[in-house]
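One-letter residues, chain by chain:
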Amino acid sequence: MSQTATDGGGGTGSLRSSRIETRANALLGDCRRAFHAFGELDELAENLRILSLNAELAAGRAGEMGRAVRALTQYTRELVNRLAQIQGEMNSLRARTYSLSSTILRGLLNLQLFERAAELINAGSHDGATRTAANRAFAETMRTLVETLGDMASSVEDLSRRAHGIEEVVSQSDSIATNIAIEASAAGVHEKEFRTVSDTMRHYVDDLRKMIDEASDSVRRALEKGESLRRVGLENLQTLRSNGFLE
Amino acid sequence: MNCVTLFRREGHRWLAFSNDGGKPDAVIDTNQYVVCADDGGAMLLDPGGMEAFPPMLAALTQEVAVENVRGIFFSHQDPDVSSSLPLWRRVCQPETRIHVPALWVSVLTHLDREATFAPIPDEGMEVTVGGQVKLRLIPAHYLHSPGNFHAYDPKARILFSGDMGGALVPAQAKSGLFVENFSSHVAYMETFHRRWMGSPRARDLWVETVSRLDIDIMAPQHGLAFKGDDVKRFLDWISRLELGSGCAAMAK
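Residues numbered from 1 in each chain as written. Chains lettered and ligands numbered in written order. Predicted model: local features only at pLDDT ≥ 70, side-chain atom pairs only at ≥ 80, totals over all residues.

Undergrad: Lay out the overall build of chain A in plain terms, naming residues and giving numbers.
TA: Secondary structure assignment for chain A yields five helices and one strand. Order of helices (α) and strands (β) in chain A, N terminus to C terminus: β-α-α-α-α-α. Rg of the C-alpha trace for chain A: 27 Å, well past the compact-globule value of 18 Å for 247 residues, more than 25% over. Counting only C-alpha atoms and orienting by the principal axes, one finds that chain A spans roughly 100 × 30 × 20 Å. Per-residue burial over chain A gives 40% buried out of 247 residues. Considering only residue pairs separated by 6 or more positions, chain A has 83% of its internal contacts joining residues 24 or more positions apart. (Helix = DSSP H or I, 4+ residues; strand = E, 2+ residues; numbered from the N terminus. Rg over C-alpha atoms; globule rule 2.2 N^0.38 Å. Buried ≥ 20, exposed ≤ 12 C-beta atoms within 10 Å, placed from the backbone. Contact = placed C-beta atoms within 7 Å.)

In structure tokens, the structure reads:
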């Protein structure tokens, strides 16, 4: 019976994976915060839809004096439809982002374990072929992770575009609220009713704006981190390629 | 991680890997085994959890090229047995066969959805490591897992017994891989077997089966291995042990 020993090493000093892990965790955190902030979008869109229906009824009751308001509420309905479309896209994006998050977290864990294995093998008395195989396994794990991080960065860009779409809806809704308020002042007995519509719409617009402000901050940070991660990942892949561990 | 050669006859070898000095204290110590065949092929038996993967890969590749691993056997589904599956699949050849109890195929897919498994039927089967080296996969259901197998090598006369015979031995009480004093070793395995093994009927059937085998070494996944007369001592001891101690808590 013979006995040999390999130092366990303790799994410290995984510089490449820890750099990526720190950034990736921050990116995932910002994505979670952004989606959390957008969580109220459903309710706000529904409120705006109901308001546009009520406004249209009020405009109908006002007859000729409500003609302009009716046109404005129809435009509001188009905005609500646009919001519903963005909302659907955001739901798909959320599912995709969480799925990518899960793949990234698993990839990070694998990366750390392969890095530890490669460190132990590089520090041991293994032959060149074994060292190359271990480093290649690490490199392949890194490549898969970098590809997923690239997909994540694209998802964050998509999220940013959707956030911008909501901003446009908010801005146009704000203008409509202003115009309804102007129409209200010339609506005689219907002034109070139209002003209530305008004020309520402003209130929803404010809520939407607040939501956008909160989410945009997280989206902006996520965009920066996504880009930074992509760079770090590509640098790592370049190093691994120049060391001959990746084709 | 230490590597001990349990058996060697030309290219036919049994290697035991244990005592990962670098693992966190909270991670339970496991023994990993590798059977090598005379034609260079190798099979990993319960290669361990993901925490054990880095030192295990490093230790294994000092003895066996990872390209030569043609099979991986998972005795059951526990994470300390199987959570390294997706990592091993990355370093082993795509054609490496992954033998798992049929009962656990759809559960282990949660660890690695791209893995293709070679299911072991409830009755067990024989698998070839390489050349003339074959392992008999013996049913050990409900000991403790409901879908569970042990691996017996009739040429090396070694039984890999999974959790059966497992013990939580403090590092300071270990001086090698084998039990040196069976009576004092009982203290390290009694609570474990009483609590984890739930079926006296399964235990009796397993003892009956295993008693018919010629066993020089019984090698569990945790703690120390038994050799010579200690194998018989273990079988006598487990035959009399009251199992299913968790039921006491349910009766309260």
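Undergrad: Account for the confidence of the model for chain B, naming residues and giving values.
TA: Parts of the model with low pLDDT should not have their predicted coordinates read in detail. Summary statistics for chain B give a mean pLDDT of 96 and a share of 100% for residues scoring 70 or more. Here the predicted complex scores 0.83 on pTM and 0.82 on ipTM. (pLDDT = per-residue confidence, 0-100.)

Undergrad: Could you give me a rundown of the packing of helix H2 (residues 41-61) of chain A against helix H5 (residues 191-242) of chain A, with the residues and numbers involved?
TA: Residues and elements named next belong to chain A. Contact pair H2 / H5: the axes reach a minimum separation of 10 Å and the direction vectors enclose 165°. Taken as axis vectors, H2 and H5 run roughly antiparallel relative to one another. The handedness of the crossing between H2 and H5 is left-handed. Within the contact between the two elements, H2 uses Leu 41, Leu 44, Asn 47, Leu 48, Leu 51, Ala 55 and Ala 58 and H5 uses Glu 193, Phe 194, Val 197, Thr 200, Met 201, Tyr 204, Asp 207, Leu 208 and Met 211. (Axes fitted to C-alpha atoms, helices over the stretch in contact; angles between N-to-C directions. Parallel < 35°, antiparallel > 145°, perpendicular 65-115°, else oblique. Left-handed = near helix turned anticlockwise from the far one by under 90°.)

Undergrad: Can you break down the environment of A:Ala181 residue by residue, with the values?
TA: Residue and element names in this part refer to chain A. On the secondary structure map, Ala 181 appears in helix H4 (residues 128-185). Using a count of 17 C-beta atoms within 10 Å as the deciding quantity, one classes Ala 181 as partly exposed. The sequence separation of Ala 181 and Phe 194 amounts to 13 residues, and the corresponding C-alpha distance is 6.9 Å.

Undergrad: I'd like a description of the packing of H2(A) against helix H3 (residues 67-123) of chain A, backed by residues and values.
TA: Think of two packed helices as two axes; the pair is described by the angle between the axes and how far apart they sit. Residues and elements named next belong to chain A. The geometry of H2 relative to H3 is characterised by a closest axis approach of 9 Å and an angle of 160° between their N-to-C directions. Taken together, the axes of H2 and H3 are roughly antiparallel relative to one another. Once H2 is placed against H3, the crossing between them reads as left-handed. Here H2 contributes Leu 41, Asp 42, Ala 45, Leu 48, Arg 49, Ser 52, Ala 55, Glu 56, Ala 59 and Gly 60 to the contact with H3, which in turn contributes Val 69, Arg 70, Thr 73, Thr 76, Arg 77, Val 80, Leu 83, Ala 84, Gln 87 and Met 90. Classifying every residue of the contact of H2 with H3 by side-chain character gives 10 nonpolar, five polar and five charged. (Nonpolar A, V, L, I, M, F, W, Y, C, P; charged D, E, K, R; others polar.)

Undergrad: Which residues make up the environment of B:Leu103, and what values do they have?
TA: Residue and element names in this part refer to chain B. Tracing the chain through its elements places Leu 103 in the loop between strand E6 (97-101) and helix H4 (105-108). For Leu 103, a count of 19 C-beta atoms within 10 Å gives the class partly exposed. In this structure the C-alpha to C-alpha distance between Leu 103 and Ser 75, which are 28 residues apart in sequence, comes to 11 Å. Those residues in contact with Leu 103 that sit more than four places away from it in its chain are Pro 146 and Gly 147.

Undergrad: Account for helix H6 (residues 200-211) of chain B, with residues named and values stated.
TA: Given 3.6 residues per helical turn, the α-helix brings residues three or four places apart onto the same face. Residue and element names in this part refer to chain B. The first and last C-alpha atoms of H6 sit 16 Å apart over 12 residues, in line with the 16 Å expected at 1.5 Å per residue. Taken together, the buried positions of H6 are occupied by Arg 203, Trp 206 and Val 210. Taken around the axis of H6, the buried residues stretch over an arc of 65°, which confines them to a single face. Exposed residues pointing more than 90 degrees away from the buried face of H6 are listed as Arg 201, Asp 204 and Glu 208. Looking at the buried positions of H6, the neighbouring elements they touch are strand E11 (158-160) and helix H7 (229-240). (Expected span 1.5 Å × (residues − 1). Arc of directions from axis to C-beta.)

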